[in-house]
Amino acid sequence: SANMTREQWDLLNMYVETIGMTLIFGLNAQKRTEDGSWDMTNAKRLIEYTRDKGYRVNYELGNEPDLYPEHADEKNISGRQMAEDFHTLSTFLKSSGSYKILAGPDVATLTGGSFFENFLDSVERGEGPNVITWHQYYGDGRKFKLADFHSASVLDKLH
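Residues numbered from 1 in each chain as written. Predicted model: local features only at pLDDT ≥ 70, side-chain atom pairs only at ≥ 80, totals over all residues. Heavy atoms only, no water.

**A look at the environment of R80**
No. 1: Residue position: R80 is located in helix α3 (residues 79-96).
No. 2: For R80, a relative accessible area of 54% puts it in the exposed group.
No. 3: Each C-alpha atom, one on R80 and one on S98, is 24 Å from the other, the two residues being 18 residues apart in sequence.
No. 4: Those residues within four positions of R80 in sequence are excluded, and the remaining contacts are N118 and S122. (Helix = DSSP H or I, 4+ residues; strand = E, 2+ residues; numbered from the N terminus. Buried < 20%, exposed > 50% of the residue type's maximum accessible area, 1.4 Å probe, protein only. Contact = heavy atoms within 4.5 Å.)

The structure is reproduced here in structure tokens:
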């Protein structure tokens, strides 16, 4: 985990604005309260600071939450819980005037396990992300050969 200073955040946002791009920033979904719900204390401070500075930032929550159980140092979060966390974030973004794009759930696979399906079944229309994201991996990069990265049959697969 890394920390970013306000000065670094300001520089990043000034750079993004200067080159005419849009920033989508991933918020930490691992910070949890004792009851297991998302602790948005740090995210709230960042979003309010960003809004007050006039930066145009969009957000996502977490990174590959469907793989959290595979990493011993990460908390297991269900698709249903992640949908509730997105609702919390969406509600806050709307009330703070910071809501534009909320992307997620940023899963590693659409077909492995039930996380993505449970997330979609649990998220309420208009109360979660307005952009759906996932990372498309064509196979296990540790086992791939150079030819696999050029193979149309490999690249046509959806995992």
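**Structural notes on unusual backbone geometry**
No. 1: A cis amide bond links G104 to the next residue, P105, at an omega of 10°.
No. 2: When you line up the elements, P105 lands in strand β3 (residues 102-107).
No. 3: Despite not being glycine, D106 has its phi angle at roughly 65°, a positive value.
No. 4: If you trace the backbone, D106 turns up in strand β3.

**Focus: the sheet that holds β3**
No. 1: Strand order in the open sheet formed by 4 strands is β1-β2-β3-β4, with parallel pairing between adjacent strands. Here the strands that pair on one side only, and so sit at the sheet edges, are β1 (23-27) and β4 (131-134). Adjacent strand axes in the sheet meet at a mean angle of 30° when their direction is disregarded.
No. 2: The pairing of β3 with β4 spans 4 bridges and is parallel. The partner of V107 across the bridge, within β4, is W134. (Pairing = 2+ DSSP bridges. Axes fitted to C-alpha atoms, helices over the stretch in contact; angles between N-to-C directions.)

**Quick word on the pattern of salt bridges**
Pairing of side chains with opposite charge becomes possible as their charged atoms draw close.
No. 1: Throughout the structure, instances matching the rule amount to 3 salt bridges.
No. 2: The partner of D39 in a salt bridge is K31, with the nearest N and O atoms 3.7 Å apart.
No. 3: Assessed through its relative accessible area of 18%, D39 is described here as buried. (Salt bridge = Lys/Arg side-chain N within 4 Å of Asp/Glu carboxyl O.)

**Focus on the pairing of β1**
No. 1: Inspection of the sheet shows β1 paired to strand β2 (residues 57-61) by 5 bridges, in the parallel sense. In the sheet register, L23 faces β2, and the bridge partner there is V57.
No. 2: For the handedness criterion, the β-α-β arrangement of β1, helix α2 (residues 41-53) and β2 is classed as right-handed. (Right-handed = clockwise from strand over helix to strand, strands pointing away.)

**Quick word on the nonpolar core**
No. 1: L27, L61, M82 and L89 are the most contacted members of the largest nonpolar core, which totals 28 residues.
No. 2: Where this core is concerned, the elements lending two or more residues are α1 (6-18), β1, α2, β2, α3, β3 and α4 (115-122).
No. 3: With 6 residues, α3 is the single largest residue contributor to this core.
No. 4: Non-local contacts of M82, meaning those with residues more than four positions away in its chain, are made with A29, L61, P65, I77, F115 and F119. (Core = buried A, V, L, I, M, F, W, Y, C linked by side-chain atoms within 4.5 Å.)

**Topic: the side chain of D85**
No. 1: Residue position: D85 is located in helix α3.
No. 2: Beyond its immediate stretch of four places on either side in the chain, D85 contacts R32, S37, W38, L61 and I77.

**Things to note about the packing of aromatic side chains**
Any aromatic ring pair is given by two values, namely how distant the centres are and how the planes are angled relative to each other.
No. 1: One pass over the full model with this rule turns up 2 aromatic pairs.
No. 2: Consider the rings of F86 and F119, whose centres lie 5.4 Å apart with planes at 75°: the pair is edge-to-face. One end of the pair, F86, is in helix α3; the other, F119, is in helix α4, with 33 residues separating them in the sequence. F119 matches F86 in its accessibility class, with the two residues each being buried. (Phe/Tyr/Trp six-rings, centres within 6.5 Å; stacked < 30°, edge-to-face > 60°.)

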